[in-house]
Amino acid sequence: DAIPYDSTTKTAYVYLSADAERASTLTVANGYTLYLCLNGNTLSPADGFTDRAITVSSGATFVLTDCGTDGAISGFTSSTGGGGVRNNGGTFTMYGGTISNNSTTGTGVAGDGGGVYNYSGTFTMYGGTISGNTASRYGGGVCNYGGTFTMENVTISGNISAYSGGGV
């Protein structure tokens, strides 16, 4: 739960050594950078936890990769948008891994982005998969609202939204 950030660079490197559960949303704060390597493991919600996995604050940087195979952020449900990851004006770069089987249940913008909700931020994917996510409104896989979304060599499939943008 407590990630040790370098006090000078405000940067942390986290490598999952086994499957992990979150009982709260992991927030990357303004001015901080978090590198998360799934390392072939799954980050999932603890029993009874109902919110997203990760929030990237304005001015923060989050880098997701999978140094192994089959690593995933999976099974999260948010009533406030962004089932897996919500980028609130920060920078989110994905080099691998999977964001899957997450959902949003809210109304209005709180129902956007089953897998990823990129709100006025920068989201770049250079590999990885976003699949099997569900949004109660827009963007089953990814909802890009007022931000920049760039993707290369990625898979976005099997996502569902109630209104439009099943994939993106």
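Because the structure is predicted, anything quoted here is derived from the model rather than measured. (Residues numbered from 1 in each chain as written. Predicted model: local features only at pLDDT ≥ 70, side-chain atom pairs only at ≥ 80, totals over all residues. Heavy atoms only, no water.)

## Overview of the side chain of T98
Test applied: Working definition: helices are DSSP H or I runs of at least four residues, strands are E runs of at least two. Numbering for both runs from the N terminus. Relative accessibility decides the category of a residue: with a 1.4 Å probe and only protein chains considered, values under 20% of the type maximum give buried, values over 50% give exposed, and everything between is partly exposed. In this description, contact between two residues means that some pair of their heavy atoms is separated by no more than 4.5 Å.
Relative to the helices and strands, T98 resides in strand β12 (residues 98-100). What makes T98 buried here is its relative accessible area of 19%. Aside from chain neighbours lying at most four places away, what touches T98 is L38, G71, A72, I73, T129 and S131.

## A short note on the packing of aromatic side chains
Keep this limit in mind: Between 30 and 60 degrees the pair is tilted, below 30 it is stacked and above 60 it is edge-to-face, where a pair is any two Phe, Tyr or Trp rings, Trp via its six-membered ring, whose centres lie within 6.5 Å.
For the structure shown, the criterion picks out 10 aromatic pairs. With 6.0 Å between their ring centres and 40 degrees between their planes, Y117 and Y119 make a pair best called tilted. On the basis of relative accessible area, Y117 is assigned to the buried category, the value being 0%. For Y119, a relative accessible area of 33% translates into the label partly exposed. When the ring of F123 is compared with that of F149, the centres are 4.8 Å apart and the planes differ by 15 degrees; the resulting orientation is stacked.

## Notes on a nonpolar patch on the surface
Filter applied, for reference: Each patch is built from residues that are more than 30% exposed by relative accessible area and take part in no salt bridge. Like charges join if they lie within 9 Å; nonpolar side chains (Val, Leu, Ile, Met, Phe, Trp, Tyr) join within 5 Å. Under the convention used here, a 1.4 Å probe and the Shrake-Rupley method define accessible areas, while residue burial counts only the protein chains that appear. Salt bridge, as applied in this entry: a Lys or Arg side-chain nitrogen positioned within 4 Å of an Asp or Glu carboxyl oxygen.
A cluster of nonpolar side chains, contributed by Y13, Y15 and Y35, occupies part of the molecular surface with about 370 Å² of accessible area. Within the secondary structure, Y35 sits in strand β4 (residues 33-37).

## Regarding the nonpolar core
In plain terms, the rule: As used in this record, nonpolar core signifies buried Ala, Val, Leu, Ile, Met, Phe, Trp, Tyr and Cys residues forming a set joined through side-chain atoms within 4.5 Å.
Formed by 27 residues in total, the largest nonpolar core has its most connected members in I54, F62, L64, I73, V85, F92 and F123. Of all elements in the fold, only β3 (26-28), β4, β6 (54-56), β7 (61-65), β11 (91-94) and β15 (122-125) reach the threshold of two or more residues within this core. Those residues in contact with L64 that lie beyond four places of it in its chain are L36, L38, I73, F92, T93, M94, Y95, G96 and I99.

## Details of the sheet that holds strand β19 (residues 148-151)
Heads up, the condition is: The pairing criterion is simple: DSSP has to find at least two bridges between the two strands. As a rule, the C-alpha atoms of each element are fitted with a line to give its axis, helices using only the stretch in contact, and angles between N-to-C directions run from 0 to 180 degrees.
Pairing is parallel in the open sheet, where 6 strands are placed in the order β1-β4-β7-β11-β15-β19. Every other strand in the sheet has two partners, leaving β1 (11-15) and β19 as the edge strands with one partner each. Put simply, the sheet's adjacent strands are angled 10 degrees from each other on average, direction ignored.

## Considerations on the state of the cysteines
Applicable threshold: By convention in this document, the label disulfide applies to cysteine sulfur atom pairs within 2.5 Å.
By the definition in use, this model includes 1 disulfide. Here C37 is linked by a disulfide to C67, with a sulfur-sulfur distance of 2.2 Å. Here C37, found in strand β4, pairs with C67, found in the loop between β7 and β8 (72-74); they are 30 residues apart in sequence, far enough to count as distant. Classification of C67 as partly exposed rests on a relative accessible area of 49%.

## Description of the layout of surface pockets
We count it as follows: Definitions used throughout: a 1 Å grid over protein atoms alone; a cavity as a set of points that fits a 1.4 Å probe which cannot get out; a pocket as an open set with protein on both sides within 12 Å along at least five of seven lines; a lining residue as one with an atom within 4 Å of a point. Grid points are joined across faces, edges and corners, and a volume is the space filled by probe spheres set on the points. For this classification, Asp, Glu, Lys and Arg are treated as charged, while Ala, Val, Leu, Ile, Met, Phe, Trp, Tyr, Cys and Pro are nonpolar and the rest, including Gly, are polar.
Size it by volume and the largest pocket reaches roughly 190 Å³. Along the walls of the largest pocket sit 11 residues, with I3, V14, L16, R22 and L26 positioned nearest its centre. Those elements that provide at least two residues to the lining of the largest pocket are β2 (20-22) and β4. Grouping the constituent residues of the lining of the largest pocket by class yields 9 nonpolar, no polar and 2 charged.

## Thoughts on the sheet that holds strand β16 (residues 129-131)
With parallel pairing, 6 strands are arranged side by side in an open sheet as β2-β5-β8-β12-β16-β20. Here the strands that pair on one side only, and so sit at the sheet edges, are β2 and β20 (155-157). In this sheet, neighbouring strand axes are inclined to one another by 15 degrees on average, regardless of whether the strands run parallel or antiparallel. Sheet topology note: the β12/β16 ladder contains 3 bridges and is parallel. Pairing of S100 across the sheet is with S131, part of β16.

## Overview of the pattern of salt bridges
Considering all chains together, one arrives at 1 salt bridge under this definition. For R137, the salt bridge is made with D112, and the minimal N-O distance between the two is 2.9 Å. Of this pair, R137 sits in the loop between β17 (134-135) and β18 (142-145) while D112 sits in the loop between β13 (103-104) and β14 (116-119); the two residues are 25 residues apart in sequence, bridging distant segments of the chain.

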